[in-house]
Amino acid sequence: MTTIGILTAGGDSPGLNAAIRALGKSAIHQHGMHVLGFRDGFRGLMQNRTVRLDSESLSGILTKGGTILGTSRDKPHKMDVGGSRMDMTDLMLENFQQHQLDALVCLGGGGTQKNALRLAQKGMRVLTLPKTIDNDVWGTDATFGFDTALGIATEAVDRLHSTAHSHHRIMVVEVMGHNAGWLALGAGLAGGADVILIPEIPFDIDVVAEAILARRAGGSTFSIVAVSEGARSGAHVERKRTASERRDEAETDADRTAADRELDAIRDEEGDHTKRMARQLEALTGLESRVTILGHVQRGGAPSAVDRLLATRLGAACIDAVVDGAGGVMIAAQGENTARVDLEEVAGRRKTVPPDHRWIRAARSLGVCFGD
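Not measured: the values here are computed from a predicted model. (Residues numbered from 1 in each chain as written. Predicted model: local features only at pLDDT ≥ 70, side-chain atom pairs only at ≥ 80, totals over all residues. Heavy atoms only, no water.)

**What about the sheet that holds strand 11 (residues 289-293)?**
- Across the sheet, 4 strands lie side by side as 9-10-8-11; this open sheet has parallel pairing. The two strands at the open ends of the sheet, each matched to only one other strand, are strand 9 (195-197) and strand 11. Going across the sheet, the axis of each strand differs from the next one's by a mean of 15°, ignoring polarity.
- Pairing of strand 9 with strand 10 (residues 223-228), which is carried by 3 bridges, proceeds in the parallel orientation. Along strand 10, the bridge assignment pairs Leu197 with Val227.
- Helix 11 (residues 273-285) rests against strand 8 (170-175), strand 9, strand 10 and strand 11 of the sheet, and its axis sits at about 165° to strand 11. (Pairing = 2+ DSSP bridges. Helix = DSSP H or I, 4+ residues; strand = E, 2+ residues; numbered from the N terminus. Axes fitted to C-alpha atoms, helices over the stretch in contact; angles between N-to-C directions. Contact = heavy atoms within 4.5 Å.)

So, in structure tokens, the structure goes:
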């Protein structure tokens, strides 16, 4: 009898349980497979911590946030074991073989796709599903988790309108998304933000301030700024690039050390960039600024109907791929259909917002400022 393993890796995301349910139910009811779950991502595969997934354990999880299997950000080739970083892929292969798995399905974002490829190169038959609230996995139109997080972020922007209007403030809301601007762009556009700052478009703080002052001159007493956690000013990007070049071109240890220190200082600034930007806007405009950082609240709660549907159809399509003998692929959403995309094509690539994307064109036509 065919046996498959399932694990969830990376950050938690709405829709993971819906995907686990779809994988398990399709495997069990449609094809009579055995389904084994590994606890806490790749660490559970390494430590051989498993749970049998059957109809009873899969019941009632469709609407639950998080993942019933648990997750972690461990990397198979750089696993923290006893205080040392070790390559544990050989042990994972042994556990894969011990359970006589016909396939392992890994649910995760960009990092998980790379780690799954490493396991596939070790000889495991691996398939993946794309999940992340960042929507930045290459090769798929959408990742499950994004729509739910987008709704949460949009509601936050909606709520900030009330207090911004009442106090005549600049309200700056930081949205997650890592180094892709999908979440901030979507929430800003759907929530009616006046300024949207994303990693793909380096901004000039003076341009942002001018846009806010122009709104005030036109009679608007407040402004909403939606900023991605990965957004940076053009000046910051240039400083970082120059410091990196100096380090790469350094001819002495002293020069390399100085460049490393400069890079460390620049990176330290990134941890507080939204609050620093808000203070700059306050100084440039004379308007009171307040910052809201949404953080991990965007990951929580029940998945939206869109994410449940996406996770369910990808999970069912994944089992079809297992039956067909496929391996080394990610099951992607492409239009109304699903596709099997080679992991070698996906791993190491990020889907970012194109500068001419229809959402950006729509926002610009409404007068939204991107700071460029």
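Next comes the rest of the account.
**As for the sheet that holds strand 1 (residues 3-8)**
- On the basis of which strands lie adjacent, the open sheet formed by 7 strands has the order 3-2-1-6-7-12-13 and mixed pairing. Only two strands of the sheet have a single partner each, and these edge strands are strand 3 (50-52) and strand 13 (337-342). On average, each strand axis in the sheet is inclined to that of its neighbour by 30°, with strand direction left out of account.
- Pairing of strand 1 with strand 2 (residues 34-38), which is carried by 4 bridges, proceeds in the parallel orientation. Among the inter-strand pairings, Ile6 is bridged to a residue of strand 2, identified as Gly37.

**Quick word on the packing of helix 8 (residues 205-217) against helix 11**
- Where helix 8 meets helix 11, the closest approach of the two axes is 10 Å, and the angle between their N-to-C directions is 55°. The orientation of helix 8 with respect to helix 11, classified from their angle, is oblique. You can see that helix 8 and helix 11 cross each other, and the crossing is right-handed. Listed contacts from helix 11 to Ile205, Asp206, Val208, Ala209, Ile212 and Leu213 of helix 8 are Met277, Gln280, Leu281, Leu284 and Thr285. (Parallel < 35°, antiparallel > 145°, perpendicular 65-115°, else oblique. Left-handed = near helix turned anticlockwise from the far one by under 90°.)

**Notes on a positive patch on the surface**
- Residues Lys75, Lys78, Arg85 and Lys114 make up a contiguous surface patch of positive charge.
- Positionally, Lys114 belongs in helix 5 (residues 110-122).
- Accessibility expressed as a relative area gives 38% for Lys114, which makes it partly exposed. (Patch = residues over 30% accessible without salt bridge, like charges linked within 9 Å, V, L, I, M, F, W, Y side chains within 5 Å. Areas by Shrake-Rupley, 256 points an atom, 1.4 Å probe, with all protein chains shown as cover. Salt bridge = Lys/Arg side-chain N within 4 Å of Asp/Glu carboxyl O. Lys, Arg positive; Asp, Glu negative; His and termini not counted. Charge placed at Lys NZ, Arg CZ, Asp CG, Glu CD. Buried < 20%, exposed > 50% of the residue type's maximum accessible area, 1.4 Å probe, protein only.)

**Concerning the packing of aromatic side chains**
- Overall, the coordinates contain 1 aromatic pair when judged by the stated rule.
- Each ring, one from Trp182 and one from Trp359, has its centre 6.2 Å from the other, and the planes form 80°; the classification is edge-to-face. Highlighted residues: Trp182 in helix 7 (residues 182-191) and Trp359 in helix 14 (residues 358-365), separated in sequence by 177 residues.
- The side chain of Arg215 reaches across the aromatic face of Phe222, ending 5.8 Å from its centre. (Phe/Tyr/Trp six-rings, centres within 6.5 Å; stacked < 30°, edge-to-face > 60°. Lys NZ or Arg CZ within 6 Å of the ring centre and 35° of its normal.)

**Comments concerning the environment of Gly108**
- Within the fold, Gly108 resides in strand 6 (residues 103-108).
- Spatially, the C-alpha atom of Gly108 lies 6.2 Å from that of Thr8, the residues being 100 residues apart in sequence.
- Other than its neighbours up to four places away in sequence, Gly108 contacts Ala9, Gln113, Leu129, Pro130 and Lys131.

**Focus on the pairing of strand 6**
- The buried fraction of strand 6 is high, at 6 of 6 residues.
- By the alternation rule, side chains of strand 6 split into Ala103, Val105 and Leu107 and Leu104, Cys106 and Gly108, which are all buried.
- Where strand 1 meets strand 6, 5 bridges bridge the pair, whose relative direction is parallel. By the bridge assignment, Ile6 is partnered in strand 6 with Val105.

**Let's talk about helix 1 (residues 16-31)**
- For helix 1, spanning 16 residues, the distance from its first C-alpha to its last is 22 Å, which sits close to the expected 22 Å at 1.5 Å a residue.
- Along helix 1, the positions that sit buried rather than exposed are Leu16, Asn17, Ala18, Ala19, Ile20, Ala22, Leu23, Gly24, Ser26 and Ala27.
- One or two residues past the end of helix 1 sits Gly32, with phi positive at roughly 65°. (Expected span 1.5 Å × (residues − 1).)

**Describing helix 5**
- Its 13 residues place the ends of helix 5 19 Å apart at the C-alpha level, agreeing with the 18 Å of an ideal helix rising 1.5 Å per residue.
- Contacts from the buried residues of helix 5 go to helix 2 (41-47), helix 4 (89-98), strand 6, strand 7 (126-130), strand 12 (329-334) and helix 13 (343-346).
- Of the residues one or two after helix 5, Gly123 is the one with positive phi, at around 120°.

**Here's the deal with the pattern of salt bridges**
- Counted according to the given criterion, the structure contains 10 salt bridges.
- For the salt bridge of Arg159 with Glu155, the shortest nitrogen-to-oxygen distance reads 2.9 Å. With Arg159 and Glu155 both in helix 6 (residues 146-167) and 4 residues apart, this pair spans about one turn of that helix.
- Take Arg159: its relative accessible area is 59%, and that puts it in the exposed class.
- Each of Arg169, Glu288 and Arg290 takes part in salt bridges that share partners, so that together they form one network.

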